[in-house]
2 protein chains.
Amino acid sequence: MASQPTDAFLQQYMPDKMCFGCGHNNAYGLQIKSYWQDDNCICIWQPEPKHQGWPDVTCGGIIATLIDCHCISSAMATATRNENRLPDSKPYYRFATGTLNIKYLNPTPITTPITLKAKVTNIKEARIYTLHCDVFTKNERTVAAEVIAFLLPHD
Amino acid sequence: MASQPTDAFLQQYMPDKMCFGCGHNNAYGLQIKSYWQDDNCICIWQPEPKHQGWPDVTCGGIIATLIDCHCISSAMATATRNENRLPDSKPYYRFATGTLNIKYLNPTPITTPITLKAKVTNIKEARIYTLHCDVFTKNERTVAAEVIAFLLPHD
């Protein structure tokens with residue numbers, strides 16, 4: 001298992017950094033930060049009123065974006081961690097979302113930080129990654145998701 | 001079947017209009033417009049560079065937002081259309097997303113308008129609506145989704 005500095009968020013290894021959900025050069029975007037916490041990847045993010053769906057509730061699409069981007073970052077980090085290296089080392093592993101299955105269990109308030117907890121649960125043919133991701137407000141799980149991400153061809 | 005004016009987009013019947021995906025009072029949001037086209041609901045939306053994921057590709061979370069909001073609007077419109085009335089007439093029907101199952105088939109370019117086509121495929125117990133939604137760029141289907149939406153308690 002690679003030694004990961006605790007202050008290194010996973011999105012800093014992204015090549016382009018312009019993604020709406022996770023790109024830290026996209027001033028308009030959500031700019032999420034994900035970190036390793038033991039064998040899970042964790043993201044804590046504070047929504048703003050502009051991210052609402054129904055009043056006082058975070059928009060379901062924004063939550064889907066958090067899940068998608070957090071899971072793609074988690075897949076990248078897991079793939080390289082399994083090879084005992086950092087995500088920006090060669091070969092560079094880039095993933096694309098195949099499926100996003102999200103179950104909204106309860107409304108996710110807009111006023112409280114949102115915590116996402118994701119983990120790779122299966123790797124098939126060395127390129128098809130299944131991830132589970134839960135979304136919490138305080139200690140309540142409000143959303144559960146399964147994401148399938150494909151490792152893209154690489155040098 | 002209700003007579004729907006062709007220039008009336010479905011989101012204008014929303015009560016709050018602040019949703020990130022479909023609220024037309026949310027200057028930051030996507031401000032989608034959905035219309036009836038025969039028995040389907042159609043939305044055409046032009047992404048901007050700030051909505052990208054990987055370079056030149058629309059962010060998967062933005063696509064999920066389009067699907068979620070377009071389907072919720074389609075469910076509202078279908079529920080009232082089935083009662084031969086407009087969505088802003090009483091009783092007012094509001095929906096919440098239960099599940100969002102999205103399959104990304106191909107990248108969705110950022111430079112070309114995106115078309116969403118949704119339809120209610122099943123109604124269970126008068127309150128559980130299943131919708132199918134396809135996403136197209138030009139004539140290519142890039143994403144397919146199934147959404148389950150719940151009719152919320154109402155007066």
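Residues numbered from 1 in each chain as written. Chains lettered and ligands numbered in written order. Predicted model: local features only at pLDDT ≥ 70, side-chain atom pairs only at ≥ 80, totals over all residues.

Caption draft 1: Up close: the pairing of strand E5 (residues 128-137) of chain B. All names here are of chain B. Two elements, strand E4 (residues 114-124) and E5, share 10 bridges in a ladder whose sense is antiparallel. Each bridged residue has a counterpart across the sheet, and for Val 120 the counterpart in E5 is Leu 131. Hairpin geometry of E4 and E5 is characterised by an intervening segment of three residues between the two adjacent antiparallel strands and by a positive phi of about 55 degrees at Glu 125. Pairing of E5 with strand E6 (residues 140-151) involves 10 bridges; the strand directions are antiparallel. Each residue of the ladder has a partner; that of Thr 130, found in E6, is Ile 148. Counted between consecutive antiparallel strands, the loop separating E5 from E6 contains two residues, among which Lys 138 sits at a positive phi close to 55 degrees. (Pairing = 2+ DSSP bridges. Helix = DSSP H or I, 4+ residues; strand = E, 2+ residues; numbered from the N terminus.)

Caption draft 2: Just the interface of chain A and chain B, in detail. Every contact between the two is made by 30 residues of chain A and, on the other side, 30 residues of chain B. Looking at the side of chain A that touches chain B, the elements that each hand over two or more residues are helix H1 (60-81) and strand E3 (95-104) of chain A. Here the side of chain A that touches chain B takes eight residues from E3 of chain A, the largest share from any one element. Residues of the side of chain A that touches chain B, tallied by class, amount to 13 nonpolar, 13 polar and four charged. Pairing geometry for E3 of chain A and strand E3 (residues 95-104) of chain B, over five bridges, is antiparallel. (Contact = placed C-beta atoms within 7 Å. Nonpolar A, V, L, I, M, F, W, Y, C, P; charged D, E, K, R; others polar.)

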